[in-house]
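Report on the structure
What follows is each chain in one-letter form.
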Amino acid sequence: MPGETDYERAILWAAIEGYPALWELVGELQGLGLAADEAQAQARQLTVRLVKEGALSFGVRRADSEDARPVSTAHVDTLLTDPVNWRIPAWTEEVLCVEATDEGQRRYDSLAAS
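If you're wondering where the values come from, they're calculated on a predicted model, not measured in any experiment.

Thresholds, definitions, all that
Residues numbered from 1 in each chain as written. Predicted model: local features only at pLDDT ≥ 70, side-chain atom pairs only at ≥ 80, totals over all residues. Heavy atoms only, no water. Helix = DSSP H or I, 4+ residues; strand = E, 2+ residues; numbered from the N terminus. Rg over C-alpha atoms; globule rule 2.2 N^0.38 Å. Buried < 20%, exposed > 50% of the residue type's maximum accessible area, 1.4 Å probe, protein only. Contact = heavy atoms within 4.5 Å. Areas by Shrake-Rupley, 256 points an atom, 1.4 Å probe, with all protein chains shown as cover. Lys, Arg positive; Asp, Glu negative; His and termini not counted. Charge placed at Lys NZ, Arg CZ, Asp CG, Glu CD. Pairing = 2+ DSSP bridges. Axes fitted to C-alpha atoms, helices over the stretch in contact; angles between N-to-C directions.

**What about the overall build of the protein chain?**
When helices and strands are counted, the protein chain shows 5 helices and 3 strands. Mapped in sequence order, the helices and strands of the protein chain form the string α-α-α-β-β-α-β-α. Over its C-alpha trace the protein chain gives a radius of gyration of 13 Å, about what one expects of a compact globule, namely 13 Å for 114 residues. Projected onto its principal axes, the C-alpha positions of the protein chain cover 40 × 30 × 25 Å. Counting every position in the protein chain, which comprises 114 residues, the buried fraction comes to 39%. In the protein chain, the share of contacts with a sequence separation of at least 24, taken over all contacts with a separation of at least 6, comes to 73%. Here the protein chain displays about 6100 Å² of accessible surface, and carbon together with sulfur accounts for 50% of that area. Side-chain charges of the protein chain comprise 10 positive and 20 negative groups, with the mean position of each set lying 3 Å from the other.

Next up, the structure:
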């Protein structure tokens, strides 16, 4: 059964591959077998930790675009507890997304090697 390391690796990989919206991170963890509520709780917890540790940065983009604008991580707890940021948006709405930093890439590489 997958564990927290697998969940962290899945979130980091998604953030390396593109600019996933928060709701997409939930889907990544559901793909590892977590129920929706548990996947959202794990995604939220891991995303907060990874942002605070410098492995992820935040951006805002339209749901139908990959062009993200940076967002300050100063209010990460507030942004991540707002349920609107975790729902599947209309295609033209703005979504909060994440991107892996250099530290996130290093962390992913380390997890993938173990």
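So, next bit.
**Re the pairing of strand E1 (residues 56–62)**
Looking along a regular strand, one sees side chains alternate from face to face of the sheet. The element E1 is largely enclosed, with a buried count of 5 among its 7 residues. Relative to strand E3 (residues 94–100), E1 runs antiparallel, the two being bridged by 7 bridges. Pairing of Phe-58 across the sheet is with Val-98, part of E3. The pairing of E1 with strand E2 (residues 69–71) spans 3 bridges and is antiparallel. Bridge pairing in E2 links Phe-58 to Val-71. What sits between E1 and E2 in their antiparallel hairpin is a turn of 6 residues.

**Description of the sheet that holds E2**
Here 3 strands make up an open sheet; going across it, the order is E2-E1-E3 and the pairing antiparallel. Looking at strand neighbours, the two that pair on one side only are E2 and E3, the edges of this open sheet. Neighbour-to-neighbour, the strand axes of this sheet turn through a mean angle of 40 degrees, independent of strand direction. Strands E1 and E3 of the sheet are contacted by helix H2 (residues 22–30), whose axis makes an angle of about 60 degrees with E3.

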